[in-house]
Amino acid sequence: MSSVVQPCARCGARWAVQGAPMHWCPRCRGVLLSPGRVDAPASQRNYRWVARRPDHRLRKAAGTTVAAPPGPTPRYTEVPRWGLLDPPRAPARAPERPLRGIAESRDVLLVLTALAFLVAAAAEYGRYLILLRNRTTLIPSWLLWISDMSVWVFGVIAPLCALATALSLVAWLIEARKAAFAARGSRDPRRRWTLIAGCLVPGVNLIWPGVFLTELVGAKPDPRAERAVRIWWAAWVASGLILLAATLWRDASSLQAEADGVSFTAFSDLCAAAFAVLTLWTVRLLEGRDLRGAPRSAHRWVMAADPAEVVIAPVTPGERDEIENSQEEVVAK
């Protein structure tokens with residue numbers, strides 16, 4: 001592209017000079033000024049721009065026309081609502097993640113799961129009491145129907161609540177690990193599907209959740225957080241073994257074994273409810289809160305630096321003579 005241009009005196013367009021200079025602007029048919037370099041400073045240009053009023057042609061044609069007298073000064077009866085507005089910028093919204101919404105319902109699901117297993121345990125113990133009573137007395141049909149329905153309904157609701165709680169806990173684990181590693185200036189080394197599979201695949205999920213939580217705590221963990229993770233891990237493995245034993249006990253053949261299976265199922269429900277509360281305490285402890293959700297207050301033990309308080313004052317030589325004289329007087333009396 002040529003560095004020599006011809007400006008138009010009418011529209012201001014610049015036209016590159018390819019060969020011989022042109023005389024008329026191809027756009028508005030105005031007069032083209034003499035060629036010059038496009039980057040020439042103002043002192044070296046062979047033309048200059050002159051500012052004129054928009055109605056300079058009309059004023060020039062009117063000649064000696066007397067201008068109209070100026071009107072009254074404009075005023076406003078109220079604050080004008082026109083002009084350039086500079087509204088404050090809206091705060092940037094954080095990108096919504098689908099896992100964050102699931103993780104926010106974690107605490108509510110844990111509480112519901114604990115309550116569901118408590119009611120399921122009460123239904124199982126109610127059936128066990130009915131079995132004991134049935135050895136000597138016939139049980140009304142309506143009572144058996146209530147017992148069967150309560151055992152069946154809460155035997156379905158409690159595992160469903162546990163499954164929903166597990167999904168919310170996995171979502172919380174993914175978000176918590178992402179935030180923890182970002183605070184350390186790195187990225188989570190484990191992929192999302194690895195975390196999901198390690199937490200939800202039966203058998204494998206007895207080992208990997210504890211590993212994931214240990215990595216979440218970090219290389220230099222808080223002793224209380226590390227101890228809480230270990231307690232939760234041991235309780236998680238024990239809960240899995242209790243669930244396996246309760247499942248196998250349901251296939252018992254004798255009546256006494258079936259009755260014992262009902263009792264053990266109620267015991268496993270109580271353990272599941274206690275484990276839900278333990279899980280709630282663990283995740284809140286990792287977030288710096290207590291079981292009720294309040295911020296955890298830090299306690300620091302400081303060694304006392306004050307001198308020890310003297311209980312018995314030392315005896316001076318003058319005081320010793322007075323004590324001996326008083327003792328002699330007491331003996332003389």
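How each quantity is defined
Residues numbered from 1 in each chain as written. Predicted model: local features only at pLDDT ≥ 70, side-chain atom pairs only at ≥ 80, totals over all residues. Heavy atoms only, no water. Helix = DSSP H or I, 4+ residues; strand = E, 2+ residues; numbered from the N terminus. Buried < 20%, exposed > 50% of the residue type's maximum accessible area, 1.4 Å probe, protein only. Contact = heavy atoms within 4.5 Å. Areas by Shrake-Rupley, 256 points an atom, 1.4 Å probe, with all protein chains shown as cover. Axes fitted to C-alpha atoms, helices over the stretch in contact; angles between N-to-C directions. Parallel < 35°, antiparallel > 145°, perpendicular 65-115°, else oblique. Nonpolar A, V, L, I, M, F, W, Y, C, P; charged D, E, K, R; others polar. Patch = residues over 30% accessible without salt bridge, like charges linked within 9 Å, V, L, I, M, F, W, Y side chains within 5 Å. Salt bridge = Lys/Arg side-chain N within 4 Å of Asp/Glu carboxyl O. Arc of directions from axis to C-beta. Pairing = 2+ DSSP bridges. Core = buried A, V, L, I, M, F, W, Y, C linked by side-chain atoms within 4.5 Å. Expected span 1.5 Å × (residues − 1).

A. Highlighting the overall build of the protein chain. Counting secondary structure elements, the protein chain contains nine helices and three strands. Walking the protein chain from its N terminus toward its C terminus, one meets helices and strands in the order β-β-β-α-α-α-α-α-α-α-α-α. In the protein chain, which comprises 333 residues, the share counted as buried stands at 23%. Considering only residue pairs separated by 6 or more positions, the protein chain has 57% of its internal contacts joining residues 24 or more positions apart. A total accessible area of about 25,000 Å² is found for the protein chain, and carbon and sulfur atoms account for 63% of it.

B. View of the packing of helix 5 (residues 192–200) against helix 6 (residues 208–217). Where helix 5 contacts helix 6, the two axes come as close as 8 Å, and the packing angle between them is 135 degrees. On the basis of the axis angle, helix 5 is oblique to helix 6. Facing Thr194, Leu195, Gly198 and Cys199 of helix 5, the residues of helix 6 in contact are Trp208, Pro209 and Phe212. Here the contact of helix 5 with helix 6 is composed, by residue class, of five nonpolar, two polar and no charged.

C. Here's a closer look at a nonpolar patch on the surface. Side chains of Val108, Val111, Leu112, Leu115, Leu118, Tyr125, Phe267 and Leu270 sit close together on the surface and give an oily, nonpolar patch of about 680 Å² of accessible area. Those elements giving two or more residues to the nonpolar patch turn out to be helix 3 (106–133) and helix 8 (255–286). Per-element accounting of the nonpolar patch gives the leading share, six residues, to helix 3. Along the chain, valine 108 turns up in helix 3.

D. Structural context of helix 5. All of the buried residues along helix 5 are Leu195, Gly198 and Cys199. In an axial view of helix 5, the angular spread of the buried residues amounts to 95 degrees, which keeps them on one side of the axis. Among the structural elements, helix 4 (141–183) and helix 6 are those in contact with the buried residues of helix 5.

E. Spatial organisation of the pattern of salt bridges. With the rule as written, the count across this model stands at eight salt bridges. Note that arginine 177 and aspartate 188 form a salt bridge whose closest N and O atoms lie 2.7 Å from each other. In this pair, arginine 177 is assigned in helix 4 and aspartate 188 in the loop between helix 4 and helix 5, connecting sequence segments 11 residues apart. Classification of arginine 177 as buried rests on a relative accessible area of 0%. Residue glutamate 226 pairs with arginine 230 through a salt bridge whose shortest N-O separation is 2.9 Å. Pair noted here: glutamate 226 and arginine 230 are both in helix 7 (residues 223–249), with a separation of four residues, about one helical turn. Owing to a relative accessible area of 55%, arginine 230 belongs among the exposed residues under this scheme. What emerges from the salt-bridge pattern is a single network uniting Arg106, Asp107, Arg284 and Glu287.

F. Layout of the sheet that holds strand 1 (residues 4–7). The strand order 2-1-3 describes an open sheet built from three strands, whose pairing is antiparallel. Across the chains shown, the open sheet's two edge strands, defined by having one partner strand only, are strand 2 (14–16) and strand 3 (36–37). As defined by bridge partners, strand 1 adjoins strand 2 across three bridges and the pair is classed as antiparallel. Residue pairing across strands places proline 7 opposite arginine 14, the latter belonging to strand 2.

G. Expanded view of the nonpolar core. Trp172, Leu173, Cys199, Phe212, Leu213, Leu216 and Trp232 are the most contacted members of the largest nonpolar core, which has 20 residues in total. Mapped onto this core, the elements with two or more residues apiece are helix 4, helix 5, helix 6, helix 7 and helix 8. Looking at this core, the element that brings in the most residues is helix 4, giving seven residues. For cysteine 199, the contacting residues outside a window of four places in its chain are Val170, Leu173, Asn205, Pro209 and Phe212. The next biggest cluster of nonpolar side chains, apart from the first, holds five residues, and it includes Ala116, Phe117, Cys161 and Ala273.

H. The arrangement of unusual backbone geometry in detail. A positive phi is found at arginine 29, a non-glycine position, where the angle reads about 65 degrees. Residue placement: arginine 29 occurs in the loop between strand 2 and strand 3. The class for arginine 29 is exposed, based on a relative accessible area of 54%.

I. How the structure looks around helix 7. Between the first and last C-alpha of helix 7 there are 39 Å, a value that for 27 residues agrees with the 39 Å anticipated at 1.5 Å per step. By the burial criterion, the buried members of helix 7 are Ala225, Ala228, Val229, Trp232 and Ala246.

J. Here's a closer look at the pairing of strand 1. In this sheet, strand 3 lies alongside strand 1 in antiparallel orientation, the contact comprising two bridges. Residue pairing in the sheet places valine 4 in a bridge with arginine 37 of strand 3. The hairpin turn running from strand 1 into strand 2, its antiparallel successor, is six residues long, and glycine 12 in that turn takes a positive phi close to 80 degrees.

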